[in-house]
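# Coordinate inspection notes
This is what each chain is made of:
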Amino acid sequence: MSNEDWGLRESYTFDRNTIHEIQRAANTGLYRIRGWGAKRPLPTFDDLVFLGASASRYPLEGYRESCNTAVTLGTRYAKKPIELKIPITIAGMSFGSLSANAKEALGRGASEVGTSTTTGDGGMTQEERGHSSQLVYQYLPSRYGMNPDDLRKADAIEIVVGQGAKPGGGGMLLGQKITERVAEMRNLPEGIDQRSACRHPDWTGPDDLEIKIQELREITAWEKPIYVKVGAARPFYDTTLAVKAGADVVVVDGMQGGTAATQDVFIEHVGIPTLAAVREAVRALQEIDMHRKVQLVVAGGIRSGADVAKALAMGADAVSIGTAALIAIGDNDPEYEDDYRKIGSAAGFYEDFQAGNDPAGITTQDPELAKRLDPVKGGHRLANYLRVLTLEAQTLARANGKSDVRSLEPEDMAALTIEAAAMAGVPLAGTGWIPGQNG
Amino acid sequence: MAANTSFDLEEITVRQANQALQEADAGSFTVANPKGVHALVCGLDAPLEVSIDGHVGYYCAGMNKQAEVNVDGNAGTGLAENMMSGKVHVTGNASQSAAATAHGGLLVIDGNASARCGISLKGADIVVKGNVGHMSAFMAQTGNLVVLGDAGDALGDSIYEVRLYVRGKVASLGADCIEKDMKQEHHDQLRALLDAAGCEGVETSEFKRYGSARKLYSFNVDNVDAY
Ligand SMILES: Cc1cc2nc3c(=O)[nH]c(=O)nc-3n(C[C@H](O)[C@H](O)[C@H](O)COP(=O)(O)O)c2cc1C
């Protein structure tokens, strides 16, 4: 791999990352814990392309002919569904893993463009409730900070079964991030490592989940949409079971999905890619005739309007973003290059969300670092970014002749790889071939 | 609403009963014919007195605040889960995960409680007059669990600052849970809990106290055998 010296040959099997990890493991005796999501190459939405208009399909005029982006989530049972202006929501990220300023920035940005944001493991803070016009309250195994008043203050409830970065894994907030405020919200001593449970304490399995959903509806007068979030493990069955249990919305988070702190081995080796998960979730909804009746939100590695449009074309109703939203408010900003270097990282590579020393002041509880993030500016940057995603998705929808982004369909796409064709269930470009379906 | 209002679940739905109780700001109520229904009297938030005549299903009195709920019968999974305050009393037995994640208030079970009683407890007090099942007080954070009978396997596994008082035998202690001294403050606290639960004639000297060894509070590779 050396550019200058062809005498040096990097091993494919033992590349520099691999060698470094073996050395690190040998030195510390600990597995690696980090934030971010899977970093290795995976099949993604980039492996799909839109076909665009042609003689048989005519396009819509950009900037002139309207292309709807609004979507309503929770139409199945909730008396008060969530009305979003754009089909891109902000995923659940805990206060504790993120600073209060970061939560505020996410709330401000989402509200500016008419979409929702989500609490996380650790409960609801005033900052995010106050600055989020629509706030989804996560109901997690740890139940940190869980109380009926906040539940009622929320606009929707998301029962977290799992997360794409770690389906089957609990959470971990390392002691350095457990300040007095975080400790108090979680009813735990300050400064100790906090594990978040991997299973719910009072239900196991889909039959119990149905009763749990009933209880949450009873406590909130059947007003609020109930989402069920699953990591992409067995999306066909998980989606079917979530619907059977009474979910209004199913959230499927692929293996690329971000995390605040998880074992690297879990992030990189458990779960299936978002691309594969969407198809399975949509197939489940179609088979039980619940597609569009129960809304599907897809997350995990969404970066651009193209990703948004492709997820919708595959049958999702909306997407949810975590990592990209953090980048938009200032994560990995080159402005802090020197500080990243000081902690052994670099802008563009920083992933140690667990460490609490984030130079950009986002994944930290250190008051001095947290001050670096201006929630108003951060919020505005997020709003800008969400507008770009929306414009891009509209551009692609119009190019395919669609006056609503959700009218995009698998028939509008082709796959660039055989893997993507098989996973997404769209034909390999230039052929009619969908591996596994027609030969 | 007038005092002593009664609801009959053969005549009205759980939703109607819950709604009436959730909207009431005072008074005493009886609920007849519960027949094991789920999510009964959950989400209350007023100083009500509610008596339920019969067995209840899952999540009875879930997230209770202020109310005093009496169940004359047995209770299903997740009794008084995430209770914030008030008091819940069951004359019979309770199934799994009683008072799971409860933040406050008092749960009294006259009979036995099944597995995972007080799991992830976050501040509430529990008094079980019979036995508790395995993995009770698993990952429990703060609060107190008093057991007059025996405790099943892996009591207090991975607990934080919860205090466990057990009168009978403990089948086994879970990871990081150890027996601790009963000091005067513990006798005093236990006495108060026993009195609140109406346990006359039970001496605090009959109990042993268990709590966290605090060895797993920070992840350390030397403890890897315990994980
Ligand atoms: C810093 C951080 C904290 C997170 N905290 C939570 C959480 O508390 N609960 C949860 O369900 N998911 C959590 N997630 C996962 C996100 O909700 C979401 O599923 C994921 O970020 C989506 O993938 P993306 O980051 O590629 O957009 C977190 C992600 C990040 C990056």
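Our structure is the block above this text.
This section reports on the structure supplied with the text. (Residues numbered from 1 in each chain as written. Chains lettered and ligands numbered in written order. Predicted model: local features only at pLDDT ≥ 70, side-chain atom pairs only at ≥ 80, totals over all residues. Heavy atoms only, no water.)

With that settled, the discussion passes to helix α14 (residues 375-399) of chain A. Over its 25 residues, α14(A) runs 36 Å from end to end, which matches the ideal 36 Å to within 8%, given 1.5 Å per residue. Directly beyond the C-terminal end of α14(A), a positive phi value near 75° is found at Gly401(A). (Helix = DSSP H or I, 4+ residues; strand = E, 2+ residues; numbered from the N terminus. Expected span 1.5 Å × (residues − 1).)

A few words on the site of the ligand. Residue and element names in this part refer to chain A. The full set close to the ligand counts 24 residues, and Gly92, Asp253, Gly301, Gly322 and Thr323 are the nearest of them. Within the backbone of glycine 92, one N or O atom sits 2.7 Å away from an oxygen atom of the ligand. The backbone of aspartate 121 places a nitrogen or oxygen atom 2.9 Å from an oxygen atom of the ligand. Its free accessible area being 600 Å², the ligand has 97% of it covered by the protein chains. Of the residues in the shell around the ligand, the class split is seven nonpolar, 14 polar and three charged. (Near = heavy atom within 4 Å. Polar contact = N/O pair within 3.5 Å; in protein donor to acceptor, adjacent residues only side chain to side chain. Areas by Shrake-Rupley, 256 points an atom, 1.4 Å probe, with all protein chains shown as cover. Nonpolar A, V, L, I, M, F, W, Y, C, P; charged D, E, K, R; others polar.)

Moving on, we come to the interface of chain B and chain A. For an interface, size is often stated in terms of accessible area lost upon the parts coming together. Across the boundary between the two partners, chain B contributes 37 residues, which contact 37 residues of chain A. With both sides pooled, the region where chain B packs onto chain A buries about 3100 Å², and carbon together with sulfur makes up 57% of that total. In this assembly, chain B and chain A are joined by four salt bridges. On inspection of chain B and its partner chain A, the count reaches 15 residue pairs in polar contact (both at pLDDT 80 or more). Considered class by class, the residues forming the side of chain B that touches chain A number 16 nonpolar, 15 polar and six charged. (Contact = heavy atoms within 4.5 Å. Buried area = accessible area lost by both parts, 1.4 Å probe. Salt bridge = Lys/Arg side-chain N within 4 Å of Asp/Glu carboxyl O.)

Here the focus is the pattern of salt bridges. Residues and elements named next belong to chain A. Summed over all chains, the structure comprises 49 salt bridges over all chains. A salt bridge links aspartate 339 to lysine 342, with the shortest nitrogen-to-oxygen separation between them at 3.2 Å. Within this pair, aspartate 339 and its partner lysine 342 are both found in helix α12 (residues 337-342), separated by three residues, close to a single helical turn. Residues joined in a network through salt bridges with shared partners are Arg32, Arg34, Lys39, Arg40, Asp264, Glu268, Glu351 and Asp352.

Right, let's get into the sheet that holds strand β8 (residues 156-160) of chain A. Residue and element names in this part refer to chain A. Ordered in space as β5-β15-β14-β12-β11-β8-β7-β6, the eight strands form an open sheet in which the pairing is parallel. Sheet topology places β5 (88-90) and β6 (117-118) at the edges, where each strand pairs with a single neighbour. By the bridge criterion, four bridges tie strand β7 (residues 135-139) to β8 in an arrangement that is parallel. Paired with glutamine 138 across the two strands is glutamate 158, which belongs to β8. (Pairing = 2+ DSSP bridges.)

Scanning the model with the defined rule gives seven aromatic pairs over all chains in all. Relative to Tyr59(B), the ring of Tyr58(B) lies with its centre 5.4 Å away and its plane at 90°, an arrangement referred to as edge-to-face. Of the two residues, Tyr58(B) and Tyr59(B), neither departs from the other in class, the shared state being buried. An aromatic cluster is built from Trp36(A), Tyr340(A), Tyr350(A) and Phe353(A), whose rings are joined through pairwise contacts. Its end group placed over the ring of Phe95(A), Arg181(A) keeps NZ or CZ at 4.6 Å from the ring centre. Its guanidinium or amino end placed over the ring of Tyr59(B), Lys212(A) lies 3.9 Å from that ring's centre, counting from NZ or CZ. (Phe/Tyr/Trp six-rings, centres within 6.5 Å; stacked < 30°, edge-to-face > 60°. Buried < 20%, exposed > 50% of the residue type's maximum accessible area, 1.4 Å probe, protein only. Lys NZ or Arg CZ within 6 Å of the ring centre and 35° of its normal.)

Let's shift gears to the packing of helix α10 (residues 305-313) of chain A against α14(A). All names here are of chain A. Two numbers describe how α10 lies on α14: the axes approach to 7 Å, and their chain directions differ by 55°. In terms of orientation, α10 lies oblique with respect to α14. The way α10 lies across α14 gives a crossing that is right-handed. Residues Gly305, Ala306, Val308 and Ala309 of α10 lie in contact with α14, whose contacting residues are Leu389, Glu392, Ala393 and Leu396. Residues that form the contact of α10 with α14 fall into these classes: six nonpolar, one polar and one charged. (Axes fitted to C-alpha atoms, helices over the stretch in contact; angles between N-to-C directions. Parallel < 35°, antiparallel > 145°, perpendicular 65-115°, else oblique. Left-handed = near helix turned anticlockwise from the far one by under 90°.)

Let's shift gears to helix α6 (residues 205-219) of chain A. Residues and elements named next belong to chain A. Spanning 15 residues, α6 covers 21 Å between terminal C-alpha atoms, matching the ideal 21 Å at 1.5 Å per step. Residues of α6 that are buried include every one of Asp208, Leu209, Ile211, Lys212, Ile213, Glu215, Leu216, Arg217, Glu218 and Ile219, and no others. Looking one or two residues past α6, alanine 221 carries a phi angle of roughly 55°, positive in sign.

Over the atoms, a rolling probe the size of a water molecule traces out where space has been left empty. Residue and element names in this part refer to chain A. What the largest pocket holds in volume is close to 1200 Å³. Around the largest pocket, the lining is made up of 29 residues, and of these Asp15, Asn17, Thr18, Glu21 and Asp264 lie nearest the centre. For the lining of the largest pocket, the secondary structure elements donating two or more residues are α1 (16-28) and α8 (264-269). Top element by residues in the lining of the largest pocket is α1. It accounts for six residues. Split by residue class, the lining of the largest pocket holds seven nonpolar, eight polar and 14 charged. Viewed by domain, the lining of the largest pocket spans two of them, domain 1 (3-33) and domain 2 (34-408), each represented by three or more residues. (1 Å grid on protein atoms, 1.4 Å probe; cavity = no way out; pocket = protein on both sides within 12 Å on 5 of 7 lines; lining within 4 Å. Points joined across faces, edges and corners; volume = space filled by probe spheres on them. Domains from an automatic or database assignment.)

Attention now moves to empty space enclosed by the protein. All names here are of chain A. Throughout the structure, instances matching the rule amount to three cavities of 30 Å³ or more. Computed from the structure, the largest cavity encloses a volume of approximately 100 Å³. If you list the elements that add at least two residues to the lining of the largest cavity, you get β11 (226-231) and β14 (295-299). When the residues that make up the lining of the largest cavity are grouped by side-chain class, the tally is seven nonpolar, five polar and two charged.

Our next topic: the side chain of Asn64(B). Residues and elements named next belong to chain B. Here asparagine 64 shows up in the loop between β3 (49-53) and β4 (68-72). In this structure the side chain of asparagine 64 is engaged in a polar contact, spanning 3.1 Å, whose partner is the backbone oxygen of serine 85. Contacts of asparagine 64, omitting those with residues within four sequence positions, involve Leu44, Val69, Met83, Met84, Ser85, Gly86, Lys87 and Val88.

Residue and element names in this part refer to chain A. Look at helix α2 (residues 100-112) against α14: their axes get within 7 Å of each other, and the N-to-C directions meet at 40°. Considered as vectors, α2 and α14 are oriented oblique to each other. Relative to α14, α2 is oriented so that their crossing is right-handed. For the pair α2 and α14, the contacting residues are Asn101, Glu104, Ala105, Leu106, Arg108, Gly109, Ala110 and Glu112 in the first and Pro375, Val376, Gly378, Gly379, His380, Leu382, Ala383, Leu386 and Arg387 in the second. Considering only residue class, the contact of α2 with α14 consists of eight nonpolar, five polar and four charged.

With that settled, the discussion passes to the sheet that holds strand β8 (residues 142-147) of chain B. All names here are of chain B. Pairing in this open sheet of 11 strands is mixed, and the strands run β1-β2-β3-β4-β5-β6-β7-β8-β9-β11-β10 from one edge to the other. Looking at strand neighbours, the two that pair on one side only are β1 (5-8) and β10 (177-180), the edges of this open sheet. The mean inter-strand angle of the sheet, taken between neighbouring strand axes irrespective of direction, is 15°. Looking at chain direction, β4 and strand β5 (residues 87-90) are connected through four bridges and run parallel. Note on β5: the bridge partner recorded for asparagine 70 is histidine 89. Here helix α2 (residues 184-196) sits on the sheet and contacts β5, β6 (106-109), β7 (122-128), β8, β9 (163-166) and β11 (208-212); the angle it forms with β9, its principal contact strand, is near 70°.

Another point: the environment of Ala328(A). Residue and element names in this part refer to chain A. Structurally, the position occupied by alanine 328 is in helix α11 (residues 323-329). Between the C-alpha atoms of alanine 328 and methionine 185, which are 143 residues apart in sequence, the distance is 27 Å. Setting aside its immediate chain neighbours within four residues, alanine 328 contacts Arg381, Leu382 and Tyr385.

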